[in-house]
Amino acid sequence: MSAEPAALAQEVSPRQRGLFLKNLADFQTELVRIHAGFGPGFSVWAQRKELPMLVFRTLRRVQDLRLRGRELGVSFADMHLSEGVAARELLHALCGAGSTADLLQAGMIIVPEALDTAIAAYLKRNDSIYDLPSVPLLEASREELRAQSAWARAALGVLAREAGERPDVAYVTRVQGMAEALPDVLAHHHAPAPERVRAGRRIGRLPLASSVLPAGFRALPFGPEPLSAESEYRDRERYHAINFLQEVQAADSCASMLFEAPDMPWDFYFDLSRHLWDESRHAMFGEKKLADLGTTAAEAGLSSTAYALRQTLTPLDRYAALATQEADAFPGKHAGLKDAVAHGDSVSAMAWSYDIADETQHVRFGNKWIPVMIEQTGEPRSFDQVKEDAVRWRATVLAEAYKPAAASFAR
């Protein structure tokens, strides 16, 4: 029996099939922005420093899906319109996770399992040669979802053992019920043109106003004590190692901004996720050097002052503050690299070298995206004015907050 022509035309349309890829890519973008937003609240150090890599890996998979969707004729607008993404109610519920355990169970186990089911259903409907180019991309997405779910399960075990923290049953049950509809929603979601989000987002518990000091870490309210003018290299290498460790604050700021940022071109979120992962890696540079010196990151300690102060800024000014800070730091970085090389310190030299390479890229990101964010948010200031304000804020607010350490050291 022949199929109804109208129904058949819809069924065989590559564009109709590609709609699932678009909905999946957009939903995963919003999901991982929520994961990032909760990052500064992770109290287990291993989880805090590993989450940024998972965020970047997810968006790398999403990048592949977006490209394939375009090949199938689906229109991916340059702007990522967050309010037009499928299953907004579910995403908003995830923003209300009351604890890290809730986020892990609901947002990194239950929802990814529903996405895995949705992908399996799509592949079953397309198990022939016609859509073969999509298969390896979707299988890679499934592998990543499963790997991250396994990571989250292990993380939940650690939280239960070390902090006695377990998911709230009522909350998890509610999310589970909402997630059951996700495969069908992703297959059929057609969003009318949504209004563009032009200001920093506030949904549920996000963004987090302050970060959590990892368990077992010493608190450094004003950062490490500054060096004296007569410091020897052993003092400098330890000081710089502790400073590298403090870059977890920049990672936390990037993580919060990834959630909070207004609607922007999708590539902005991808670049920001790389910035986030880089800053987390830089903190681990410091951790590695401290281990080389016979101590630990926990003993060295962390400050959260810079993160808390940056959270008082709009996403635009926060991003500008980070970008200008990195642009102004290169002379000191190059001096540190020369110092490490002169003293045969391979661990520090590698840290400085990769830090310089990464931060050079971050400055390029800032120069690319700050003007776009100015335009998208309707900011009346020019690019140069925003940068000048960021430099002034660092000098009059951020530097002032860290002055007590210098004063104490001078006494």
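Everything numeric in this text was worked out from a predicted model, so none of it was measured.

(A) Quick look at the overall build of the protein chain. What the protein chain contains, in helices and strands, is 18 helices and 0 strands. A compact globule built from 411 residues should have a C-alpha radius of gyration of about 22 Å, and the protein chain, at 23 Å, falls within 12% of that. When its C-alpha atoms are laid out on the principal axes, the protein chain stretches across 90 × 50 × 40 Å. Sorting the 411 residues of the protein chain into buried and exposed places 53% on the buried side. Contacts spanning at least 24 positions in sequence make up 85% of the contacts within the protein chain whose residues lie at least 6 apart. Total accessible area on the protein chain stands at roughly 18100 Å², and carbon and sulfur atoms take up 56% of it.

(B) Region of interest: the packing of aromatic side chains. Per the counting criterion, the structure on display carries 10 aromatic pairs. Considering the side-chain rings of Phe20 and Tyr122, the 4.8 Å spacing of their centres and the 15° angle between planes classify their relative orientation as stacked. Here Tyr122 lies in helix H5 (residues 100–125) and Phe20 lies in helix H2 (residues 14–38), a separation of 102 residues in the sequence. When its relative accessible area of 3% is taken as the criterion, Phe20 is described as buried. Judged by centre distance (5.4 Å) and plane angle (35°), the rings of Phe56 and Phe270 are tilted. Taken together, the residues Phe56 in helix H3 (residues 45–71) and Phe270 in helix H11 (residues 266–292) connect sequence positions 214 residues apart.

(C) Summary view of the packing of helix H15 (residues 330–342) against helix H16 (residues 346–377). Running from amino to carboxyl end, H15 crosses H16 at an angle of 160°, the nearest separation of the two axes being 8 Å. Classified by the interaxial angle, the pair formed by H15 and H16 is roughly antiparallel. Here H15 runs over H16; the crossing is left-handed. In contact with Phe330, Gly332, Lys333, His334, Gly336, Leu337, Ala340 and Val341 of H15, H16 contributes Ser348, Ala349, Trp352, Ser353, Asp355, Ile356, Glu359, Thr360 and Val363. In terms of residue class, the contact of H15 with H16 is built from 8 nonpolar, 6 polar and 3 charged.

(D) Molecular detail of the side chain of Ser280. By the element assignment, Ser280 lies in helix H11. Accessibility expressed as a relative area gives 5% for Ser280, which makes it buried. Within the structure, the side chain of Ser280 is placed 2.8 Å from the backbone oxygen of Lys49, a separation counted as a polar contact. Dropping the residues within four chain positions of it, Ser280 is found in contact with Lys49, Pro52 and Ala251.

(E) Expanded view of the pattern of salt bridges. For the structure shown, the criterion picks out 32 salt bridges. In this structure, Lys49 engages Glu287 in a salt bridge whose closest nitrogen and oxygen atoms are separated by 2.9 Å. Linking Lys49 in helix H3 with Glu287 in helix H11, this pair joins segments that are 238 residues apart in sequence. Overall, Lys49 belongs to the buried group, its relative accessible area being 17%. The network of salt bridges with common partners includes Glu30, Arg33, Glu83, Arg88 and Arg201.

(F) Structural detail: the packing of helix H10 (residues 248–260) against helix H14 (residues 315–328). Where H10 meets H14, the axes come as close as 11 Å, and the angle between the chain directions of the two elements is 150°. Considering their axes alone, H10 and H14 lie roughly antiparallel with respect to each other. Once H10 is placed against H14, the crossing between them reads as left-handed. In this structure, H10 uses Ala250, Ser253, Cys254, Ser256, Met257 and Glu260 to contact H14, whose residues at the interface are Pro315, Arg318, Tyr319 and Leu322. Of the residues that constitute the contact of H10 with H14, the class distribution is 6 nonpolar, 2 polar and 2 charged.

(G) Fine view of H2. With 25 residues, H2 ought to run about 36 Å at 1.5 Å a step, and its terminal C-alpha atoms sit 37 Å apart, in line with that. In terms of residue burial, H2 counts as a mostly covered element, since 21 of its 25 residues are buried.

(H) Representation of the environment of Val341 within the structure. Inspection of the secondary structure puts Val341 in helix H15. Judged by its relative accessible area of 54%, Val341 is exposed.

Reading the values: the criteria
Counting from 1, residues in each chain are numbered in the order their sequence is written. Predicted model: local features are reported for residues with pLDDT of at least 70 only, side-chain atom pairs are reported and counted for 80 or more only, and whole-chain, interface and lining totals are derived from all residues. Neither water nor hydrogens contribute to the side-chain values; these are computed over all heavy atoms in the structure. Secondary structure elements follow DSSP: runs of H or I of four or more residues count as helices, runs of E of two or more count as strands, with numbering from the N terminus. Only C-alpha atoms enter the radius of gyration, while the globule expectation follows 2.2 Å times N to the 0.38, with N the number of residues. To sort residues, take the accessible area from a 1.4 Å probe on protein chains only and compare it with the maximum for the residue type: under 20% means buried, over 50% means exposed, and anything in between is partly exposed. Two residues form a contact once any of their heavy atoms are found within 4.5 Å. Note on areas: these come from Shrake-Rupley sampling with a 1.4 Å probe, and a residue is covered only by the protein chains present in the view. Aromatic pairs are defined between Phe, Tyr and Trp rings, using the six-membered ring for Trp, whenever the two ring centres lie within 6.5 Å; interplanar angles under 30 degrees are classed as stacked, those over 60 as edge-to-face, and all others as tilted. What counts as an axis is a line fitted to C-alpha atoms, over the stretch in contact for a helix, and the angles between N-to-C directions run from 0 to 180 degrees. The cut-offs work like this: below 35 degrees is roughly parallel, past 145 is roughly antiparallel, 65 to 115 is roughly perpendicular, and the gaps in between are oblique. Working rule for handedness: look at the near helix, and if it is turned counterclockwise from the far one by less than a right angle, call the crossing left-handed; if clockwise, right-handed. Three categories are distinguished: nonpolar for Ala, Val, Leu, Ile, Met, Phe, Trp, Tyr, Cys and Pro, charged for Asp, Glu, Lys and Arg, and polar for the others, with Gly belonging to the last. Any N or O atom pair separated by 3.5 Å or less is treated as a polar contact, with the protein-specific requirement of one donor-capable and one acceptor-capable atom, and with residues adjacent in sequence counted only for side-chain atom pairs. Whenever a carboxyl oxygen of Asp or Glu lies within 4 Å of a side-chain nitrogen of Lys or Arg, that contact is scored as a salt bridge. Expected helix span is given by 1.5 Å per residue-to-residue step, counting one fewer step than there are residues.

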